[in-house]
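# Close look at the chain arrangement
Spelled out, the chains give:
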Amino acid sequence: MTVRVVVGGALCHEGRLLAARRSAPPELAGRWELPGGKAEPGESVPEALVRELREELGVETEPLERIPGEWPLKPGLVLHVWTARLLSGVPAPLEDHDELRWLGPEELESVDWLDQDRPAVAEAGRRLRDADGDGSSGNDGSGEGGGGA
């Protein structure tokens, strides 16, 4: 059986991780995930991540690195998670989600994550905590109100 990769994006910005609440299918609705979707034939996993986050959230992102591990979703589908940086846009729940939340490392357990996302969320949280411990002063230079990129 051919295994198809579903890529999840651990989208981090200003020391927080983006969580997306599923609106469908019914068995997943109301639970939280890292946004993303299936890689298309001939598309690299990082390319799929950029496309999926554009389609689902209306943002431009840069894939950074893969979080080690892979998690089976159902027969023929496996989840890979990549960290990503927000380049432009404000995330909005355009497709498959009805709510988004930026969560700091201490808030990650405040939502009901899908089971297969939990290990990657835990690792993303560790990375956020480690980055915060590097003497971050809160000035990330993003200029949140920014202009048209």
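The coordinates are above.
The notes below deal with the structure included here.

Conventions we followed
Residues numbered from 1 in each chain as written. Predicted model: local features only at pLDDT ≥ 70, side-chain atom pairs only at ≥ 80, totals over all residues. Heavy atoms only, no water. Helix = DSSP H or I, 4+ residues; strand = E, 2+ residues; numbered from the N terminus. Expected span 1.5 Å × (residues − 1). Buried < 20%, exposed > 50% of the residue type's maximum accessible area, 1.4 Å probe, protein only. Contact = heavy atoms within 4.5 Å. Salt bridge = Lys/Arg side-chain N within 4 Å of Asp/Glu carboxyl O.

With 15 residues, helix α2 (residues 118–132) should reach 21 Å at 1.5 Å per residue; the first-to-last C-alpha distance of 21 Å fits that figure. Those residues of α2 lying buried are Ala 120, Val 121, Glu 123, Ala 124, Gly 125 and Leu 128. For α2, the elements touching its buried residues are β1 (4–13), β2 (16–22), β5 (60–74) and β6 (77–88).

Right, let's get into helix α1 (residues 45–57). With 13 residues, α1 should cover 18 Å at 1.5 Å per step; its first-to-last C-alpha distance of 18 Å lies within 8% of that length. Within α1, burial applies to Val 45, Ala 48, Leu 49, Val 50, Arg 51, Glu 52, Leu 53, Glu 56 and Leu 57. Here the buried face of α1 lies against β1, β2, β4 (36–38), β5, β6 and β7 (97–103). Looking one or two residues past α1, Gly 58 carries a phi angle of roughly 75°, positive in sign.

Under the definition given, this model contains 21 salt bridges. Note that Arg 22 is salt-bridged to Glu 33, the shortest N-O span being 3.2 Å. Pair noted here: Arg 22 is in strand β2 and Glu 33 is in strand β3 (residues 32–33), with a separation of 11 residues, a long-range link. Glu 109 is the salt-bridge partner of Arg 118, the closest N and O atoms lying 3.7 Å from each other.

This part is about unusual backbone geometry. Residues Ala 24 and Pro 25 are joined by a peptide bond in cis, for which omega reads -10°. Notably, Glu 14 is not glycine yet its phi reads approximately 50°, a positive angle. Turning to its location among the elements, Glu 14 is positioned in the loop between β1 and β2. Taking the relative accessible area as the measure of exposure, Glu 14 reaches 36% and is therefore partly exposed.

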